[in-house]
Amino acid sequence: MSADRVDPTVSRRRVLGSAAVLAGAAAGAAELLTHRNAEAAPASIAASPPAGFVPMAAPGRIVKVSKSDVMMPNGLFPKEEAARTMLERAMTELTGETDLAKAFARFVHKDDKVAIKMNGIAGQTGGTMATNKELILPIVAGVIAAGVPASNIVVYEQYTSFFNGTRVSAKNLPAGVVTAVHGNKDATMPEIRVLNIPTKFVRQLTEATAVINVALIKDHSICGYTGCLKNITHGSSINPHDFHQHNASPQIAALYSQDVVKSRVRLHITDGFKLIYDGGPLDKNPDRRVGHGSVYVTTDPVAMDTIGWNEVEKWRADKKLPTLAKAGREPSYIRIAGELGLGVADKEQIRMREVTL
């Protein structure tokens, strides 16, 4: 299938008009969606790769690696060796390289400052649906093997409880790797306006030259689906609560389209060992959490969110639940992100290589 992308010069009038149609005429939404003055980040805030280095980009292409016996006996966390093997196979399949170090070297350079964004909100207070340390640790090892000094790597989350939910800590990370919690307030960049809402992205993202996004596959009570796009936009800004109205659409797409974000995020790795098909984004209903036994890698967050959304819909249909659209929370921001040229939203245009170990 082709990986053709929508023209990124699509007009804001068309995008916001599409969002209004998709999202409906909710009270107060029309005013938000008719703003035409979303401001891009100043050029000085955009990042550039080290001189002479061109990170790999493969719009519309995803590699999915699955394994049937990947989980520990408790069914809650993946086995360390299985997770590492799945990550290595996914990365080498995506890049055509022969090992994890060479594969990561397609995305990060020894002179990069690398930020790794985790997702631990559903791992707090006893939940188990967070990005798993068994996947995060070999990602960190792969970045170091690619030549990035440990001191130039930061692993971060929003809150301490979210960070702890991943079970990653300074004790199990390589010496020198920085850990950080931003609390929605650790930001040094100039204020920008997105859909006429003032905001900033946090220092952990803006001080990096390369970002690796480690997301999940989850239902979301507000925006319908939370995966790659939202893990960055609402997990790396100072006021995510201001961008939740109207099913967070088109806000998620508009936030991700900022140069400060687009110029940094190079790789998306989805922890698909489990997924939540209803009652997310928290892990309060274990019966709505199911094993999935997969790791996905891609450079295209829109394509990955399209596939993840489809997986959630499959489980909802199997459990006789309404579609997200019928439930009043279709993640229309994913299609809008495609219209903005942020990736491929058409399932027929997505090329997914599936490998079973």
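Residues numbered from 1 in each chain as written. Predicted model: local features only at pLDDT ≥ 70, side-chain atom pairs only at ≥ 80, totals over all residues. Heavy atoms only, no water.

Asker: Help me understand the confidence of the model for the protein chain in this model?
Answerer: Where the model shows low pLDDT, its predicted coordinates should not be examined in detail. For the protein chain, the mean per-residue pLDDT works out to 90, and 88% of the residues sit at or above 70. Across residues 1-41, where pLDDT falls below 50, the model places 73 contacts with residues more than four positions away in sequence or in other chains. (pLDDT = per-residue confidence, 0-100. Contact = heavy atoms within 4.5 Å.)

Asker: I keep staring at the side chain of Asp112 and nothing clicks. Help me out?
Answerer: Along the chain, Asp112 falls in the loop between helix H4 (100-104) and strand S2 (114-117). Polar contacts involving the side chain of Asp112 include one to the main-chain amide nitrogen of His109, which spans 2.8 Å. In terms of polar contacts, Asp112 uses its side chain to reach the side chain of Thr209, at 2.6 Å. Leave out the neighbours within four places in its chain, and Asp112 touches Pro50, Phe53, Phe107, Val148, Asn152, Thr209, Ala210 and Arg266. (Helix = DSSP H or I, 4+ residues; strand = E, 2+ residues; numbered from the N terminus. Polar contact = N/O pair within 3.5 Å; in protein donor to acceptor, adjacent residues only side chain to side chain.)

Asker: Please clarify how the packing of aromatic side chains should be interpreted in this entry.
Answerer: Both the distance between ring centres and the angle between the ring planes are used here to describe each pair of aromatic rings. For the coordinates displayed, the defined rule picks out two aromatic pairs. Taking 5.1 Å as the distance between ring centres and 85° as the angle between the ring planes, the aromatic pair formed by Tyr159 and Phe162 counts as edge-to-face. Residue class for Phe162 comes out buried when judged on its relative accessible area of 7%. Ring plane angle 15° and centroid distance 6.1 Å describe the contact between Tyr277 and Trp315, whose orientation is recorded as stacked. In this pair, Tyr277 is assigned in the loop between strand S10 (265-276) and strand S11 (289-298) and Trp315 in helix H12 (residues 301-318), connecting sequence segments 38 residues apart. Assessed through its relative accessible area of 25%, Trp315 is described here as partly exposed. Taking the ring centre of Phe77 as reference, the NZ or CZ of Arg167 above it sits at 3.7 Å. (Phe/Tyr/Trp six-rings, centres within 6.5 Å; stacked < 30°, edge-to-face > 60°. Buried < 20%, exposed > 50% of the residue type's maximum accessible area, 1.4 Å probe, protein only. Lys NZ or Arg CZ within 6 Å of the ring centre and 35° of its normal.)

Asker: So what exactly am I meant to see when it comes to unusual backbone geometry here?
Answerer: For residues that are not glycine, phi is negative in most cases, and the peptide bond is trans in most cases. With an omega dihedral of 15°, the bond running from Ser249 to Pro250 counts as a cis peptide bond. In this fold, Pro250 is placed in the loop between helix H9 (245-248) and helix H10 (251-256). For His246, which is not a glycine, the phi torsion comes out positive at approximately 60°. Residue class for His246 comes out buried when judged on its relative accessible area of 11%. One non-glycine residue with positive phi stands out, namely Lys320, at about 60°. For Lys320, the position within the fold is in the loop between H12 and helix H13 (333-339). Exposure remark for Lys320: the relative accessible area of 72% places this residue in the exposed category.

Asker: Got a minute to help me understand the packing of helix H3 (residues 80-95) against helix H5 (residues 133-145) in this structure?
Answerer: For any two helices packed against each other, one specifies the crossing angle of their axes together with the interaxial distance. At a closest axis distance of 9 Å, the pairing of H3 and H5 adopts a crossing angle of 50°. Here H5 runs oblique to H3, going by the angle between their axes. With respect to the hand of their crossing, H3 and H5 are arranged in right-handed fashion. Contacts between H3 and H5 involve Glu80, Ala83, Arg84 and Leu87 on the former and, on the latter, Glu134, Leu135, Pro138 and Ile139. Grouping the constituent residues of the contact of H3 with H5 by class yields five nonpolar, no polar and three charged. (Axes fitted to C-alpha atoms, helices over the stretch in contact; angles between N-to-C directions. Parallel < 35°, antiparallel > 145°, perpendicular 65-115°, else oblique. Left-handed = near helix turned anticlockwise from the far one by under 90°. Nonpolar A, V, L, I, M, F, W, Y, C, P; charged D, E, K, R; others polar.)

Asker: I tried to follow H3 on my own but got confused; where do I start?
Answerer: The periodicity of an α-helix, 3.6 residues per turn, causes residues three or four positions apart to be oriented the same way. The terminal C-alpha atoms of H3 lie 23 Å apart, and with 16 residues this matches the ideal 22 Å at 1.5 Å per residue to within 8%. When H3 is considered as a whole, its buried residues turn out to be Ala82, Ala83, Met86, Leu87, Ala90, Met91, Thr92, Leu94 and Thr95. Where the residues of H3 are buried, they touch strand S1 (61-66), H4, H5, S10 and S11. Looking one or two residues beyond H3, the residue adopting positive phi is Gly96, at roughly 80°. (Expected span 1.5 Å × (residues − 1).)

Asker: Got a minute to help me understand the layout of surface pockets in this structure?
Answerer: In this approach, a probe sized like a water molecule rolls over the atoms, and the result shows the empty space that is left. Roughly 280 Å³ of volume is contained in the second largest pocket. Lining the second largest pocket are 20 residues, and of these Ile121, Gln158, His220, Lys230 and His234 sit closest to its centre. Looking at the lining of the second largest pocket, the elements that each hand over two or more residues are strand S8 (218-220) and helix H8 (228-233). Considered class by class, the residues forming the lining of the second largest pocket number six nonpolar, 10 polar and four charged. (1 Å grid on protein atoms, 1.4 Å probe; cavity = no way out; pocket = protein on both sides within 12 Å on 5 of 7 lines; lining within 4 Å. Points joined across faces, edges and corners; volume = space filled by probe spheres on them.)

Asker: Is there a simple way to explain the pattern of salt bridges in this structure?
Answerer: Opposite charge on two side chains permits pairing when their charged atoms draw close. Under the defined criterion, the tally for this structure stands at 22 salt bridges. Between Glu93 and Arg89 there is a salt bridge, with its nearest N and O atoms 3.0 Å apart. Pair noted here: Glu93 and Arg89 are both in helix H3, with a separation of four residues, about one helical turn. On the basis of relative accessibility, which here comes to 31%, the residue Arg89 falls in the partly exposed class. Put simply, Glu330 and Arg335 hold a salt bridge, and the shortest N to O gap is 2.4 Å. Judged by its relative accessible area of 30%, Arg335 is partly exposed. (Salt bridge = Lys/Arg side-chain N within 4 Å of Asp/Glu carboxyl O.)

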